[in-house]
Amino acid sequence: MTDRFPFLPDNAEAAKKGLIKYLARSGGSCPIGDLHTFSTQRFAAGHQAFSALMEWLVADELLMYDGSTFHLTDKGVELSKTMLF
């Protein structure tokens, strides 16, 4: 994971779960700016770390990005159902 995404924060797994939960609570979609703000405030993952997190989640097919908004994929929705909110 860190070889492919060297700028992932130390708390990448916690951030992954938190971002998936946030998207699920937001109806499955969220504009990049809102998600970046949440990531920065909650996980201290801004700029490079946020980009690495998003690239990782997209590569793992948990999210898709349409140029302005992130969306949970079916795989991301299924993962969110296994998490406590």
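Look up a bit, the structure's there.
What this report covers is the structure whose coordinates are included nearby. (Residues numbered from 1 in each chain as written. Predicted model: local features only at pLDDT ≥ 70, side-chain atom pairs only at ≥ 80, totals over all residues. Heavy atoms only, no water.)

## Concerning the side chain of Ser-80
- Among the structural elements, Ser-80 can be located in helix H4 (residues 74-80).
- Polar contacts involving the side chain of Ser-80 include one to the main-chain carbonyl oxygen of Val-77, which spans 2.7 Å. (Helix = DSSP H or I, 4+ residues; strand = E, 2+ residues; numbered from the N terminus. Polar contact = N/O pair within 3.5 Å; in protein donor to acceptor, adjacent residues only side chain to side chain.)

## Remarks on the environment of Gly-76
- Among the secondary structure elements, Gly-76 is positioned in helix H4.
- Along the primary structure Gly-76 and Tyr-22 are separated by 54 residues, whereas in three dimensions their C-alpha atoms are 12 Å apart.
- Leaving out residues up to four positions away in the same chain, Gly-76 has contacts with Ile-20, Glu-61 and Leu-62. (Contact = heavy atoms within 4.5 Å.)

## Considerations on the packing of aromatic side chains
- Overall, the coordinates contain 3 aromatic pairs when judged by the stated rule.
- Plain terms: the ring middles of Tyr-22 and Phe-38 are 4.1 Å apart, the flat faces sit at 15° to each other, and that makes the pair stacked. Here Tyr-22 is found in helix H1 (residues 12-25), whereas its partner Phe-38 is found in helix H2 (residues 32-43), with 16 residues between them in sequence.
- Residue class for Tyr-22 comes out partly exposed when judged on its relative accessible area of 22%.
- Every member of this aromatic cluster is reached through a ring pair, and the members are Tyr-22, Phe-38 and Phe-43. (Phe/Tyr/Trp six-rings, centres within 6.5 Å; stacked < 30°, edge-to-face > 60°. Buried < 20%, exposed > 50% of the residue type's maximum accessible area, 1.4 Å probe, protein only.)

## A few points about a nonpolar patch on the surface
- On the surface, a cluster of nonpolar side chains totalling about 220 Å² of accessible area is made up of Ile-32, Val-58 and Tyr-65.
- Along the chain, Ile-32 turns up in helix H2.
- A relative accessible area of 30% places Ile-32 in the partly exposed class. (Patch = residues over 30% accessible without salt bridge, like charges linked within 9 Å, V, L, I, M, F, W, Y side chains within 5 Å. Areas by Shrake-Rupley, 256 points an atom, 1.4 Å probe, with all protein chains shown as cover. Salt bridge = Lys/Arg side-chain N within 4 Å of Asp/Glu carboxyl O.)

## Concerning H2
- Here H2 is 12 residues long and its end C-alpha atoms lie 16 Å apart, about the 16 Å a rise of 1.5 Å per residue gives.
- Taken residue by residue, H2 has Leu-35, Phe-38, Ser-39 and Phe-43 as its buried positions. In a view along the axis of H2, the buried residues occupy a sector of 100°, so they form one face of it.
- The elements touched by buried residues of H2 are H1, strand S1 (29-31), helix H3 (48-59) and strand S3 (69-72). (Expected span 1.5 Å × (residues − 1). Arc of directions from axis to C-beta.)

## Here's the deal with the nonpolar core
- Ranked by size, the top nonpolar core spans 24 residues in total, and within it Leu-35, Leu-53, Met-54 and Leu-63 carry the most contacts.
- Only H1, H2, H3 and S3 provide two or more residues apiece to this core.
- If one sorts the elements of this core by residue count, H3 sits on top with 7 residues.
- Beyond its immediate chain neighbours, meaning those up to four positions away, Leu-63 contacts Ile-20, Leu-23, Met-54, Leu-57, Val-58, Phe-70, His-71, Leu-72 and Thr-73. (Core = buried A, V, L, I, M, F, W, Y, C linked by side-chain atoms within 4.5 Å.)

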